[in-house]
Every structure is written in structure tokens, then in C-alpha cells.
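What follows is each chain in one-letter form.
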Amino acid sequence: MKLHQVVLLSAAVGALSLYGCNGASAGSGTNTTPPVTPIVKPVVTPPVTPIAAKTDRPFFDENKAWAHLIKQCDFGPRPVGSEAHRKTLSYIVTEMKKYADKTVEQNFTYKGLPLTNVISVFNPESPKQILILTHWDTRPRAEQELDAVNQKKPIIGASDGASGTAVLLELARNLKEKKPEVGVILLFVDGEDHGDFAKDEGVLLGAKYFAKNHEGYHPEFGILLDMVGDKDLDIYRETSSENYAPGTNNKVFNIARELGYGKNIVDRVETNVTDDHIPLNQSGIPTIDLIDFNYKYWHTLDDTPANCSAKSLGIVGNLIAEVIYREKKP
């Protein structure tokens, strides 16, 4: 996905700055052996996610979310301009029109390439809105591979692209089943992982475009989901999120602890990531980033469903659903 800069703050690691999509250590866990072409699909098991919901809301079905992840990966790598990218756009729009009160395609271009943000709104008449977003494109090259030939290949992006999208697609079904008290904007941004993060060229494109063109949308806060499918899920507080939206960070991590997710949603600051939340924060929408920056398959050909899990999607999905349904109308 993106080449965002990551700074691990834990004493054991020290102040180490890296560039990368979802904040994994550059080069860590890289496999020089090309992955098997067929995508390995782990057996889907009944949900075992611990839950102590305080709201009367639909249960987030991790298996349905997993099916969305698999569907995207079956299209193949989904970099901007590819046929798989176009198929994924059609899939997202078709799904969202089943559930949302309003779905809009926000089209724009970058150096001649067509890009599209998908904006879906639930309970649009509410004066209070919140924003949940993810990116849906995938990295056009696996630069964290050791082999030079493999570095030029596009990634499947099971966690880096498909996971956050899968969570939002299942959340849409929940929001259709039971109307929330507040307005909810589900935003799928395009072109996050297209270019060069070190140069800030051709990256975060959809988030930058929405940040400059969000007339008619007025979210009080936003939550970005990025690389949330890791089988060994561990999401920490992120530094820019703390600086821009500390109240939202506190809310989300406190609810995660109440739901029994403290092992996976760890209430400790441990990274600084350049991600889609940055342009939104700069535009006045306080937004936090929930990202598993310890995903060792980041920007490699091994970012496949075999290294992700339905359970991780369930943890993140139930957390976000709980946050949404606890919000009260003004």
C-alpha cells in the first residue's frame, strides 16, 4: 500500500524512521521465494470474537467481511489503472448501493490516470456526521522484496487495501439493518498507494482530493482503517492521531478495552505514520489512524489472505460498529 514514514517509539526499538505503506519495518519478513500463484484461502470458522457490546446493534459478521476480502483478492492486484482496479470499483459501488442512503462516485485524475473515491452516506438528514474511511487501491510494486525481479511485481494487498475495504462493506450491511442515531459517511479513497511516499508524489491521492472537496460533508471526527487484516493483529495509538484527535483516540481505545480487545488494540503510543488521515486532519477533520504497522508482509508478494484472518476483521469491525452506535444525535 503506501510508503508512509513510520517511527517506532518503543524503548526497545528506539527512534527509527522508515518509509512504507502501512508501517511495517522496511524489509522485515521479506521472502525471496515467489509466492504460489493460487491464493491460499484459510478455512472460515464460526466467529469467536469476544464481545461485550453496550449497544443494541447488529453483530458484525467477520465471515461476511472475510468473503469481501477474498472477492477483492480474487480480482488480483488492484493498482490504479488496472482492469482489476476497475472491477473492484464496480464491486464496491454495487455493494454500497444496496445499503447506503446515498452513494456518490467522486472522480478525479492524476497525470492522466482516472481515480475514484466512493462516498456512501447513512442517515444523511442527521446534523451530526462521523467518517469511517479506508483505501481500496493496491501497491503497484513489491519494493520490500529482496529479489529485484519480484520488486517490480504488484502486490495482492490482502491486508494493505482489501482488509479495510472489507470491514467497511460489512459495516454497510449493519448500518442498513439498523439506522444509527448519527449520520455515517463510509469513504473508500483511491490512489493511496500509487506513487512515492519519500517524495510525497502520487500518494494519498484520494484523501487529498476529498480533503479539498468535501462540500456537503461535515464529519465531527474520522477513523481511518489501514492494514487491519493481519493474522497477528496488534494496533497501537498513532502519534499524529494523538496530536490531531486525542479525544477520538481515547474513545476508540477505551471501547476496545471494554470489548476485551486490549491484546489486539493496544492502548499505547508506538508509531508515527504518514497515511490518509494526514490530509484530512490538515483540512480540519480530526481523524485517527488504526493501522497494524507490524505487518511483516507489507509491500511484499506475501501480502495474501494466507497471512490475514477473519477474526482480525471481526475485532476491528465490531469495535468500529460499537463506536458508531454509541454516538448520540445532538
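As the structure is a prediction and not an experimental result, all values here were calculated from the model.

**Student:** So what exactly am I meant to see when it comes to the overall build of the protein here?
**Tutor:** Looking only at helices and strands, one finds nine helices and 10 strands in the protein. For the protein, buried positions account for 61% of its 330 residues. In the protein, the share of contacts with a sequence separation of at least 24, taken over all contacts with a separation of at least 6, comes to 78%. When the accessible surface of the protein is totalled, it reaches about 12300 Å², and 52% of it is carbon and sulfur.

**Student:** When you look at the pattern of salt bridges in this model, what are you seeing that I'm missing?
**Tutor:** A side chain of one charge can pair with a side chain of the opposite charge if their charged atoms are brought near each other. For the structure shown, the criterion picks out 19 salt bridges. One salt bridge connects R237 with D267, and the closest N-O pair in it is separated by 2.5 Å. In this pair, R237 is assigned in strand β8 (residues 235-238) and D267 in strand β9 (residues 265-271), connecting sequence segments 30 residues apart. Here R268 ties to E270 by a salt bridge, and the two come within 2.8 Å at their closest N and O atoms. Given a relative accessible area of 9%, E270 falls into the buried group.

**Student:** Please explain the pairing of strand β5 (residues 129-135) as it appears in this structure.
**Tutor:** The side chains of a regular strand alternate, first on one face of the sheet and then on the other. Of all the seven residues making up β5, seven are buried; the element is thus mostly covered by neighbouring parts of the structure. Alternating residues of β5 divide into Q129, L131, L133 and H135 and I130, I132 and T134, and every residue in both groups is buried. As defined by bridge partners, β5 adjoins strand β6 (residues 183-189) across seven bridges and the pair is classed as parallel. Bridged to Q129 within β6 is G183. Sheet topology note: the β5/strand β7 (residues 219-226) ladder contains four bridges and is parallel. Among the inter-strand pairings, I132 is bridged to a residue of β7, identified as I223.

**Student:** What is the right way to read the packing of aromatic side chains from this model?
**Tutor:** We describe a pair of aromatic rings using the distance from one ring centre to the other and the angle between the two ring planes. Applying the stated criterion across every chain, the model contains five aromatic pairs. With centroids separated by 4.5 Å and ring planes inclined at 10 degrees, the aromatic side chains of F108 and Y209 adopt a geometry described as stacked. Of this pair, F108 sits in strand β3 (residues 102-110) while Y209 is found in helix α5 (residues 205-212), placing the two residues 101 residues apart along the sequence. Taking relative accessible area as the criterion, F108 reaches 10% and is therefore assigned buried. Arranged with centres 5.5 Å apart and planes meeting at 70 degrees, the rings of Y295 and Y297 form a pair that is edge-to-face. Judged by its relative accessible area of 0%, Y295 falls in the buried class. A residue is classified by how much of its surface remains accessible, and Y297, at 17% relative accessible area, is buried.

**Student:** Help me understand the sheet that holds β7, please; the structure alone is not making it clear to me.
**Tutor:** If you trace the six strands from one edge of the open sheet to the other, you get β3-β4-β6-β5-β7-β10, paired in mixed fashion. Edge positions in the open sheet fall to β3 and β10 (287-291), since each of these has one partner strand only. Each adjacent strand pair in this sheet contributes to an overall mean axis angle of 20 degrees, direction not counted.

**Student:** What's the story with unusual backbone geometry in this structure? I'm lost.
**Tutor:** The general pattern is negative phi for most residues beyond glycine and trans for most peptide bonds. Phi at N123 takes a positive value of approximately 55 degrees, unusual for a residue other than glycine. Along the polypeptide, N123 turns up in the loop between β4 (113-122) and β5.

Conventions adopted
- Residues numbered from 1 in each chain as written.
- Predicted model: local features only at pLDDT ≥ 70, side-chain atom pairs only at ≥ 80, totals over all residues.
- Heavy atoms only, no water.
- Helix = DSSP H or I, 4+ residues; strand = E, 2+ residues; numbered from the N terminus.
- Buried < 20%, exposed > 50% of the residue type's maximum accessible area, 1.4 Å probe, protein only.
- Contact = heavy atoms within 4.5 Å.
- Areas by Shrake-Rupley, 256 points an atom, 1.4 Å probe, with all protein chains shown as cover.
- Salt bridge = Lys/Arg side-chain N within 4 Å of Asp/Glu carboxyl O.
- Pairing = 2+ DSSP bridges.
- Phe/Tyr/Trp six-rings, centres within 6.5 Å; stacked < 30°, edge-to-face > 60°.
- Axes fitted to C-alpha atoms, helices over the stretch in contact; angles between N-to-C directions.

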